[in-house]
Amino acid sequence: MNHASKGNITITQDIGLASTILLKGVQVLSPRGVVFEEKAIQTALDLRFLNAKARKRGVYGKGPKPFQSED
């Protein structure tokens, strides 16, 4: 994060990191190729928060889908 600068591309599944470096003008992709954008990152952060609260209550999801050849 400290070495990223405007015009760089970062691939991460860490939504918190993505939200931080988007503000620096860095393009951010998920490992599946989804482009994170500033206008939608707040929704992703909110979902991350809600999922963390659910996990604290003992509610566990299935996890991410396995990678396909298209990914």
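Look a little higher up for the structure.
Model, not experiment: these values are computed from the prediction.

Cut-offs used in this document
- Residues numbered from 1 in each chain as written.
- Predicted model: local features only at pLDDT ≥ 70, side-chain atom pairs only at ≥ 80, totals over all residues.
- Heavy atoms only, no water.
- Salt bridge = Lys/Arg side-chain N within 4 Å of Asp/Glu carboxyl O.
- Buried < 20%, exposed > 50% of the residue type's maximum accessible area, 1.4 Å probe, protein only.
- Patch = residues over 30% accessible without salt bridge, like charges linked within 9 Å, V, L, I, M, F, W, Y side chains within 5 Å.
- Areas by Shrake-Rupley, 256 points an atom, 1.4 Å probe, with all protein chains shown as cover.
- Helix = DSSP H or I, 4+ residues; strand = E, 2+ residues; numbered from the N terminus.
- Phe/Tyr/Trp six-rings, centres within 6.5 Å; stacked < 30°, edge-to-face > 60°.
- Lys NZ or Arg CZ within 6 Å of the ring centre and 35° of its normal.
- Core = buried A, V, L, I, M, F, W, Y, C linked by side-chain atoms within 4.5 Å.
- Contact = heavy atoms within 4.5 Å.
- Polar contact = N/O pair within 3.5 Å; in protein donor to acceptor, adjacent residues only side chain to side chain.

**A look at the pattern of salt bridges**
Summed over the entire model, instances satisfying the criterion amount to one salt bridge. A salt bridge links Glu37 to Lys39; its shortest N-O distance comes to 3.9 Å. Looking at Glu37, the relative accessible area reads 40%, which means it is partly exposed.

**Digging into a nonpolar patch on the surface**
Together, Leu47, Phe49 and Leu50 make up a nonpolar patch on the protein surface, roughly 320 Å² of accessible area in all. Within the secondary structure, Leu47 sits in helix H2 (residues 38-56). By relative accessible area, which is 47% here, Leu47 ends up partly exposed.

**Re the packing of aromatic side chains**
As enumerated under the stated definition, the model contains zero aromatic pairs in all. Seen from the ring of Phe67, Arg32 lies directly overhead, with NZ or CZ sitting 4.3 Å from the centre.

**Side note on the nonpolar core**
Nonpolar side chains in soluble globular proteins generally cluster together in the buried interior. Within the largest apolar cluster, eleven residues are counted, these being Ala4, Ile15, Ala18, Ile21, Leu22, Val26, Val28, Phe36, Ile41, Ala44 and Leu45. Sorting the residues of this core by element identifies helix H1 (15-22) and H2 as the ones contributing at least two each. Looking at this core, the element that brings in the most residues is H1, giving four residues. Every residue in contact with Ala18, bar those within four places of it in the chain, is listed here: Thr12, Val28, Phe36 and Ile41.

**Side note on the side chain of Ser19**
Looking at the element boundaries, Ser19 is found in helix H1. Ser19 sits in the buried class, given a relative accessible area of 16%. At 2.8 Å, the side chain of Ser19 and the backbone oxygen of Gly16 are in polar contact. Excluding anything up to four places from it in sequence, Ser19 contacts Ile41 and Leu45.

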